[in-house]
Amino acid sequence: MGGAKTDAGLPPRGTPKNYLMAWLLVMLKDLNLHGYEIMKALKENFAVVSDPGTVYRALRQLERDGYITSWWDPKEQGPARRIYTLTDGGKDALAIWSAALEQYRTNLDAFFSLYTGTWSRDHDVKK
């Protein structure tokens, strides 16, 4: 049974698309940005790398869902750029993402305490 090795038990490479949605929402929390600015900031500040096509499709989906809006910003030099901003619905979605990711972080903390051998049955478990 010398078939090809599969990665079924290994974590995905890169940023999963749905996780990217949370990053896009949080990037627009306090700033109006265009797509390239978002991608550059995610890569340089947080090591979140995603191909441009995926990012722009995700931005279009967020806009269709009413979480962000956009407009064209004409430049004196160079092409116009689409600027994105968070809507009230986007703020609500970001709050939901925040709660879900907080639970995920709690689960990851438990995973690493078990992995490093610092977990004990007497630890405080959130219910």
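Position numbers for residues start from 1 in each chain and track the written sequence from start to end. Whole-chain, interface and lining totals are the exception, using all residues; otherwise, since this is a predicted model, local features are given only for residues with pLDDT of at least 70 and side-chain atom pairs are given and counted only at 80 or more. Only hydrogens and water are removed before side-chain values are computed, so all heavy atoms of the structure are retained for them.

Enquirer: Got a minute to help me understand helix 3 (residues 52–64) in this structure?
Expert: Side chains of residues three or four places apart in an α-helix project in the same direction, reflecting 3.6 residues per turn. A helix here means a DSSP run of H or I that spans at least four residues, while a strand means a run of E at least two residues long, and both kinds are numbered starting from the N terminus. Expected helix span is computed as 1.5 Å times (number of residues minus one). Its 13 residues give helix 3 an end-to-end C-alpha distance of 18 Å, which sits within 8% of 18 Å, the value for a rise of 1.5 Å per residue. Accessible area is worked out with a 1.4 Å probe on protein chains only. A residue is then buried under 20% of its type maximum, exposed over 50%, and partly exposed in between. All buried positions along helix 3 are accounted for by T54, V55, A58, L59 and L62. Seen end-on, helix 3 carries its buried residues on one side only, within an arc spanning 135°. For helix 3, the N-terminal capping position is held by D51, with its side-chain oxygen 3.1 Å away from the main-chain nitrogen of G53. Looking one or two residues beyond helix 3, the residue adopting positive phi is G66, at roughly 85°. The arc refers to the directions leading from the helix axis to the C-beta atoms. Think of a polar contact as two N or O atoms within 3.5 Å of one another; within protein, one of them needs to be a possible hydrogen donor and the other a possible acceptor, and neighboring residues in sequence only count if both atoms come from side chains.

Enquirer: Is there a simple way to explain the side chain of H34 in this structure?
Expert: Checked against the element boundaries, H34 lands in strand 1 (residues 33–34). The exposure class assigned to H34 is buried, which follows from its relative accessible area of 8%. Contact partners of H34, with chain neighbours within four places excluded, come to R81, R82, I83 and Y84. The contact criterion used throughout is that any non-hydrogen atoms of two residues lie within 4.5 Å.

Enquirer: What is the right way to read the packing of aromatic side chains from this model?
Expert: Two numbers describe a pair of aromatic rings. These are the distance of the centres and the angle of the planes. For Phe, Tyr and Trp, where Trp contributes only its six-membered ring, two rings pair if their centres lie within 6.5 Å, and the inter-plane angle classes them as stacked under 30 degrees, edge-to-face over 60, or tilted in between. If you walk through the whole model with that rule in mind, you get four aromatic pairs. Pairing F111 with F112 gives two aromatic rings, centres 5.0 Å apart and planes at 85°, and the pair type is edge-to-face. You can call F111 partly exposed: its relative accessible area is 48%. Residue classification places F112 among the partly exposed residues on the basis of a relative accessible area of 44%. By the ring-pair criterion, three or more aromatic residues cluster together here, those being Y19, W23 and F46.

Enquirer: I keep staring at the packing of helix 2 (residues 35–46) against helix 3 and nothing clicks. Help me out?
Expert: For any two helices packed against each other, the geometry comes down to the angle between their axes and how far apart the axes lie. Taken N-terminus to C-terminus, the directions of helix 2 and helix 3 make an angle of 120°; their axes are 11 Å apart at the nearest point. As far as their axial angle goes, helix 3 and helix 2 are oblique. When the axes of helix 2 and helix 3 are compared, the crossing they make is right-handed. Residues G35, Y36, I38 and M39 of helix 2 lie in contact with helix 3, whose contacting residues are P52, V55, Y56 and L59. Working convention: axes come from line fits to C-alpha atoms, limited for helices to the stretch in contact. Angles between N-to-C directions cover 0 to 180 degrees. Any angle that is under 35 degrees is reported as roughly parallel, and any over 145 degrees as roughly antiparallel; angles of 65 to 115 degrees are reported as roughly perpendicular and all others as oblique. Should the near helix be turned counterclockwise from the far one by less than a right angle, the crossing is left-handed, whereas a clockwise turn marks it as right-handed.

Enquirer: Even after reading the chapter, I still don't get the pattern of salt bridges, so can you show me in this structure?
Expert: Opposite charge on two side chains allows them to pair when their charged atoms are near. Any carboxyl oxygen of Asp or Glu that lies within 4 Å of a side-chain nitrogen of Lys or Arg is treated as forming a salt bridge with it. Counted under the stated rule, the structure contains four salt bridges. Across the pair K29 and D30 runs a salt bridge, and its minimum N-O distance is 3.1 Å. Residue class for D30 comes out exposed when judged on its relative accessible area of 63%. Here D73 makes a salt bridge to K75, at a shortest N to O gap of 3.4 Å. A relative accessible area of 41% places K75 in the partly exposed class.

Enquirer: So what exactly am I meant to see when it comes to the sheet that holds strand 2 (residues 68–73) here?
Expert: Being paired, for any two strands, means DSSP has found at least two bridges between them. One open sheet accounts for three strands, arranged 1-3-2; its pairing is antiparallel. Sheet topology places strand 1 and strand 2 at the edges, where each strand pairs with a single neighbour. One ladder, built from six bridges, connects strand 2 with strand 3 (residues 81–86); its direction is antiparallel. What sits directly across from T69, in strand 3, is T85.

Enquirer: Just checking my understanding: could you explain the pairing of strand 3 for this structure?
Expert: Successive side chains on a regular strand alternate, one facing one side of the sheet and the next facing the other. Bridge count between strand 1 and strand 3: two bridges; the pairing is antiparallel. The residue of strand 3 that forms the bridge with H34 is I83.

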